[in-house]
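Residues per chain are reported as follows:
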Amino acid sequence: MSQALEASAAKDWALSDPSLLKTQAYINGEWVGADDGATFKVYNPANHEVLAEVADVGASETRRAIEAAEVAQKEWAAKSAVERSTILRRWNDLMLENTEDLAIIMTLEQGKIVAESRGEIVYAASFIEWFAEEGKRVYGDVLPLAQTDRRGIVIKQPVGVCAAITPWNFPSAMLARKAAPALAVGCSMVAKPPHETPLSMLAMAGLAERAGLPAGLLNILPTSKASTVGNEMCENPVVRKLTFTGSTAVGKLLTKQCSDTLKRLSMELGGNAPVIVFDDADLEQAVQGAAAAKYRNSGQTCICANRIIVQDTIYDAFVEELKKVVGTYKVGDGMDETVTHGPLITRRALEDIKELVDDAVANGATVAAGGEFGEGNSHFVEPTILCNVDDGMRIFKEEIFGPIAPIFKFSTEEEAIAMANDTEFGLAAYLYTNDQGRCWRVAEAIEYGMVGVNETAISSQLIPFGGVKESGQGREGSRYGIDEYVETKYICLGNLGT
Ligand code: SIN
């Protein structure tokens, strides 16, 4: 095993504001331990050191949080959007002022390089700032009716108490993308962070408290018992909406569990993103874009390139250029500023990815770069390129969630479209071409919620993020993101005497 893939000694770090490192649950404006005093450990994936022991809450704490959220929501909804916005904007400011500490906490528990963590804090704050403004623009309608003495009015009202279950790959941004629109329109939220990365969400809640967010509006329930807390969120009738980001398998399970109480749902689930590279593309741009989309967060992103599909006439040239980019990468502890790619979140994740690579190699794939996996308890994987892959391999069908780039070949546009659509997923897709007609044809023909044309850095607070098919339902961010947290009410004003 190469030295770089071994667990490294812990790097020195210190927070300017140590009070941001919170280990208790946040319920009804109080920082509390679990009722039974239980805790669970949070580890640094780079070196396996225990970072913190965090309150391990269960069903009773979740019920109390939901009750508190119900009471708080009514008062919050009665405030004006401008008042709510003022508090959200303070939260955004505090996030930005504390970027460095929040980034350190994120890298320590999640493993992503600290530069990416800083980027995620700014990204998370951008949702808070956006929805603080957008909450002021929740408009209704006056409808022309058939009767002249009547008016139809449409108003938008908050959904009520919302529950959020978020993933470990974006510990802060995924809470912000859900909590900010919810709070902006007058909802309250109970949120469960993943047990691998609860500290980022708890730190954010600490800043929301400092910003003056009233008690009960944002409740954070750290737990190692995901199904206990999840069941209460799904089955409690007070919760009117569940928003989830995570795997398609868990999303389906939660959808079933929410069916008895017919909750509103937003599901941002798995992906199998193709990057289609045509031979009329700018090769340099395509290689850079594909590499960024593939290896970001060590490949642990729902919209990461999963299948790079390259036209046969430029296949070899593309692989050679991608090898040069991968050759500049350095794997290691994300706290080391010279490192470009951190560890995977768990050993289990590494083993799942290794199985996919082993399956591909056993069926004829060749390793063009990388290919080494850390041994023992290491979470490190070398950024890898696989050639000679085909659509019969598991790596074509399954979400990789790691830094492995399989490069597939196609010859015609029709074939590329068919390959891109040959999946149950439909989150993000990318294509590179300099042919304007092809940009439109292919972007419209592929079945995805988001398409990047000559661009893979497509995420921001300004766009509707979400998928089709088994990648989920609902949109997050942009003006569309607010619709997920409001109900539409029709009021008929009759007998107006006109
Ligand atoms: C995700 O992986 O779910 C989020 C990625 C992003 O917001 O860019």
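Residues numbered from 1 in each chain as written. Predicted model: local features only at pLDDT ≥ 70, side-chain atom pairs only at ≥ 80, totals over all residues. Heavy atoms only, no water.

Novice: Explain empty space enclosed by the protein residue by residue, including any values.
Specialist: Per the counting criterion, the structure on display carries 4 cavities of 30 Å³ or more. By volume, the largest cavity is sized at about 100 Å³. Lining the largest cavity are 14 residues, and of these Phe 170, Met 174, Arg 177, Thr 301 and Phe 465 sit closest to its centre. Taken together, the residues of the lining of the largest cavity sort by class into 7 nonpolar, 4 polar and 3 charged. (1 Å grid on protein atoms, 1.4 Å probe; cavity = no way out; pocket = protein on both sides within 12 Å on 5 of 7 lines; lining within 4 Å. Points joined across faces, edges and corners; volume = space filled by probe spheres on them. Nonpolar A, V, L, I, M, F, W, Y, C, P; charged D, E, K, R; others polar.)

Novice: An account of the site of the ligand is requested, with residue identities and associated values reported.
Specialist: Lining the immediate surroundings of the ligand are Tyr 123, Asn 169, Phe 170, Met 174, Arg 177, Glu 268, Arg 296, Thr 301, Cys 302, Ile 303, Ser 459 and Phe 465. Within the side chain of Tyr 123, one N or O atom sits 2.6 Å away from an oxygen atom of the ligand. Separating an oxygen atom of the ligand from a backbone N or O atom of Cys 302 is a distance of 2.8 Å. Under a 2 Å grid-point criterion requiring more than half of the atoms, the pocket assigned to the ligand is the largest cavity. Two domains share the shell around the ligand, each providing at least three of its residues, namely domain 1 (10-269 + 473-487) and domain 2 (273-461). (Near = heavy atom within 4 Å. Polar contact = N/O pair within 3.5 Å; in protein donor to acceptor, adjacent residues only side chain to side chain. Sits in = over half its atoms within 2 Å of the grid points. Domains from an automatic or database assignment.)

Novice: I'd like to hear about the side chain of Ser 188, residue by residue, with values.
Specialist: Tracing the backbone through its elements, the reader meets Ser 188 in strand β8 (residues 188-192). Here Ala 69 takes part through its backbone oxygen, which lies 2.9 Å from a polar atom of the side chain of Ser 188. Excluding residues that lie within four positions of it along the chain, Ser 188 makes contacts with Ala 69, Gln 73, Gly 160, Val 161, Cys 162, Leu 183, Gly 216 and Leu 217. (Helix = DSSP H or I, 4+ residues; strand = E, 2+ residues; numbered from the N terminus. Contact = heavy atoms within 4.5 Å.)

Novice: So what about the packing of aromatic side chains? Which residues, and what values?
Specialist: All chains considered together, the criterion is met by 6 aromatic pairs. For Lys 354, the ring lying beneath its charged end belongs to Phe 373, and the centroid distance is 5.9 Å. Above the ring of Tyr 315, the side-chain terminus of Lys 409 is found at 4.7 Å from the ring centroid. (Phe/Tyr/Trp six-rings, centres within 6.5 Å; stacked < 30°, edge-to-face > 60°. Lys NZ or Arg CZ within 6 Å of the ring centre and 35° of its normal.)

Novice: An account of the sheet that holds strand β13 (residues 305-311) is needed here, citing residue identities and associated values.
Specialist: Paired through their backbone hydrogen bonds, the strands of a sheet run either parallel or antiparallel. With mixed pairing, 7 strands are arranged side by side in an open sheet as β14-β15-β16-β13-β12-β17-β18. A strand with exactly one partner marks an edge of an open sheet, and here the two such strands are β14 (366-369) and β18 (450-453). Taking the axes of each pair of neighbouring strands and ignoring which way they run, one obtains an average angle of 25° across the sheet. Sheet topology note: the β14/strand β15 (residues 384-387) ladder contains 3 bridges and is antiparallel. The residue bridging Thr 366 from the neighbouring strand is Cys 387, located in β15. (Pairing = 2+ DSSP bridges. Axes fitted to C-alpha atoms, helices over the stretch in contact; angles between N-to-C directions.)

Novice: Quick rundown of the side chain of Arg 347? Include the residues and the values.
Specialist: Structurally, the position occupied by Arg 347 is in helix α11 (residues 347-362). For Arg 347, a relative accessible area of 17% corresponds to the buried category. Polar side-chain contacts of Arg 347 include one of 3.1 Å to the backbone oxygen of Gly 376. (Buried < 20%, exposed > 50% of the residue type's maximum accessible area, 1.4 Å probe, protein only.)

Novice: Which residues make up a nonpolar patch on the surface, and what are the values?
Specialist: Together, Ile 491, Leu 493 and Leu 496 make up a nonpolar patch on the protein surface, roughly 220 Å² of accessible area in all. Along the polypeptide, Leu 493 turns up in strand β20 (residues 486-493). Taking relative accessible area as the criterion, Leu 493 reaches 39% and is therefore assigned partly exposed. (Patch = residues over 30% accessible without salt bridge, like charges linked within 9 Å, V, L, I, M, F, W, Y side chains within 5 Å. Areas by Shrake-Rupley, 256 points an atom, 1.4 Å probe, with all protein chains shown as cover. Salt bridge = Lys/Arg side-chain N within 4 Å of Asp/Glu carboxyl O.)

Novice: Give a detailed account of the pattern of salt bridges, specifying residues and quantitative values.
Specialist: Pairing is possible between side chains of opposite charge, provided their charged atoms come close. What the rule picks out here adds up to 31 salt bridges. Across the salt bridge formed by Lys 112 and Glu 120, the nearest N and O atoms sit 2.5 Å from each other. Here Lys 112 falls in the buried class, since its relative accessible area comes to 3%. In this structure, Arg 394 and Glu 398 form a salt bridge, with 2.8 Å as the shortest nitrogen-oxygen distance. Residue Arg 394 is classed as partly exposed on the basis of its relative accessible area of 30%. Each of Arg 89, Glu 129, Glu 133 and Lys 136 takes part in a single network of salt bridges with overlapping partners.

Novice: Summarise the sheet that holds strand β6 (residues 151-158); cite the residues concerned and give the values.
Specialist: Taken in spatial order, the 3 strands line up as β5-β6-β20 in an open sheet, and their pairing is antiparallel. Since the sheet does not close on itself, it has two edges, and those belong to β5 (141-143) and β20, each with one partner. In this sheet, neighbouring strand axes are inclined to one another by 25° on average, regardless of whether the strands run parallel or antiparallel. Bridging between β5 and β6 involves 3 bridges; their strand directions are antiparallel. The residue of β6 that forms the bridge with Val 142 is Ile 153.

Novice: Outline unusual backbone geometry, listing residues and values.
Specialist: Across the chain, the bulk of peptide bonds are trans and the bulk of non-glycine residues have phi less than zero. One non-glycine residue with positive phi stands out, namely Asn 388, at about 55°. When you line up the elements, Asn 388 lands in the loop between β15 and α12 (394-397). Since its relative accessible area comes to 47%, Asn 388 is described here as partly exposed. Positive phi, normally seen in glycine, also occurs at Phe 401, with a value near 55°.

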